[in-house]
Amino acid sequence: MSSPNDLTEISSNKMFGGYQKVYSHNSNVLGCTMNFGIYLPPQAEENKVPIIYWLSGLTCSEANFIQKAGAQRYASEQGVILVAPDTSPRGLNIPGDSDSWDFGVGAGFYVDATQKPWSDNYKMFSYITKELLEAVNKNFPVMEGKQSIMGHSMGGHGALICALRNPGLYRSVSAFAPISNPIECPWGQKAFSGYLGPQETGNWADWDATELVRKYNGPPLIIFIDQGTSDQFYNERQLLPENLLAACKQSNVPVILKFRDHYDHSYFYIATFIGEHIEYHVTQLNF
Ligand SMILES: N[C@@H](CCC(=O)N[C@@H](CS)C(=O)NCC(=O)O)C(=O)O
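Residues numbered from 1 in each chain as written. Predicted model: local features only at pLDDT ≥ 70, side-chain atom pairs only at ≥ 80, totals over all residues. Heavy atoms only, no water.

Going by the annotation in an unreviewed UniProt entry, the name recorded for the chain is S-formylglutathione hydrolase, with Oryctes borbonicus given as the source organism. Listed under Function (unreviewed entry) in UniProt, the entry text for the chain is "Serine hydrolase involved in the detoxification of formaldehyde." According to its UniProt record, the chain has this under Catalytic activity (unreviewed entry): "S-formylglutathione + H2O = formate + glutathione + H(+)". (UniProt positions renumbered as here; feature names shortened; annotations may be inferred.)

Quick look at the structure:
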């Protein structure tokens, strides 16, 4: 198997003066081949630039964000690289990995699984925060250390735990409609039971953003949460941003929670506000 740092270009399309590309590489951490999208703004042809990671939600691959969010226009204007990885290992055919849309393939939850049969491969946390980061830093003109992270739904939660578990690694974090308190909602309880084992023994709190905020002890980090009020999953109490807000207030972790009237959970909503998020990250990255 070739090194995770050896990339194969799958596609390249000029966009807003830069290039939207998709690469594949072998992941040692996940034990499979993974695709990721990367937008290189025109500024990256001459200079090193900062980078923002995007983590997608349930059922997504690397394709959803790059095709639907319209983020490249803002990345081109601001001179920032965007990286959009896949949401789980692929092609392993672990029994049960494709039985439901909210567990297994397309639903890695950005944790490092501890339970068989998932624990050999379902290590999306280590993939995102170590292996992919290194592969991107080795291959592209990035200002090392100038990285931020954002995401949507399961990926919004992924962005939060990547930032909260690695104080200082990301300069800023934001999330659209994140699953803010997975140990208290059906999606999270199902995923954590499978990947981490029963709540009593599975250290669930180590992987839950609301619980991690209570213990956060790193450099100042402002948590930026975005939530549409007509989001079906918010109204079904899968997302619970109020729980995260309360934990932030109790623990004196600064938080911005913006409710967006009548917006739902879709990429139409994300596309509306992605420019604001990119601007926010670039301000923090240049600080
Ligand atoms: N599969 C579910 C919905 C899953 C869903 O909404 N996924 C969100 C993330 S949680 C998403 O980004 N879907 C892909 C897309 O809209 O392109 C259903 O059909 O009800």
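Colleague: Would you mind going over the site of the ligand with me for this structure?
Modeller: Around the ligand lies a shell formed by Gly57, Leu58, Thr59, Cys60, Asn64, Lys68, Trp101, His152, Ser153, Phe233, His265 and Tyr267. Between a nitrogen atom of the ligand and a main-chain N or O atom of Leu58, the distance comes to 3.0 Å. Lys68 places a polar side-chain atom, nitrogen or oxygen, 2.6 Å from an oxygen atom of the ligand. A total of 500 Å² of accessible area belongs to the ligand in isolation, and the protein chains cover 69% of it. Among the detected pockets, the ligand sits in the largest pocket. Partitioning the shell around the ligand into residue classes produces 5 nonpolar, 6 polar and 1 charged. (Near = heavy atom within 4 Å. Polar contact = N/O pair within 3.5 Å; in protein donor to acceptor, adjacent residues only side chain to side chain. Areas by Shrake-Rupley, 256 points an atom, 1.4 Å probe, with all protein chains shown as cover. 1 Å grid on protein atoms, 1.4 Å probe; cavity = no way out; pocket = protein on both sides within 12 Å on 5 of 7 lines; lining within 4 Å. Sits in = over half its atoms within 2 Å of the grid points. Nonpolar A, V, L, I, M, F, W, Y, C, P; charged D, E, K, R; others polar.)

Colleague: It is not clear to me how the pattern of salt bridges should be interpreted in this structure. Could you clarify?
Modeller: When their charged atoms lie close together, side chains carrying opposite charge are able to pair. Using the criterion set out here, one finds 10 salt bridges in the structure. For Glu9, the salt bridge goes to Lys21, with nearest N and O atoms at 3.2 Å. Of this pair, Glu9 sits in strand β1 (residues 8-15) while Lys21 sits in strand β2 (residues 18-27), and the two are 12 residues apart along the sequence. With its nearest N and O atoms 2.7 Å apart, the salt bridge here joins Glu276 to Lys258. With Glu276 in helix α9 (residues 267-285) and Lys258 in strand β9 (residues 255-260), this pair connects stretches of sequence that are 18 residues apart. According to the relative accessible area criterion, Glu276 is partly exposed, its value standing at 30%. (Salt bridge = Lys/Arg side-chain N within 4 Å of Asp/Glu carboxyl O. Helix = DSSP H or I, 4+ residues; strand = E, 2+ residues; numbered from the N terminus. Buried < 20%, exposed > 50% of the residue type's maximum accessible area, 1.4 Å probe, protein only.)

Colleague: Would you explain α9 in this entry?
Modeller: Maximum bend of α9: about 45°, positioned at Phe273. Within α9, burial applies to Tyr267, Tyr269, Ile270, Phe273, Ile274, Gly275, His277, Ile278, Tyr280, His281, Val282 and Leu285. If you check the start of α9, you find a side-chain oxygen 3.1 Å away from the backbone N of Phe268, and it comes from Ser266. (Bend = angle between axes of the 7 residues up to and from the residue.)

Colleague: How should the nonpolar core be read in this particular structure?
Modeller: Formed by 93 residues in total, the largest nonpolar core has its most connected members in Phe65, Phe109, Ile128, Ile149, Tyr195 and Ile223. Here the element with the most residues in this core is α9; it accounts for 8 residues. Leave out the neighbours within four places in its chain, and Phe65 touches Trp54, Ser56, Ala71, Leu82, Ala84, Met150, Tyr267 and Ile274. (Core = buried A, V, L, I, M, F, W, Y, C linked by side-chain atoms within 4.5 Å. Contact = heavy atoms within 4.5 Å.)

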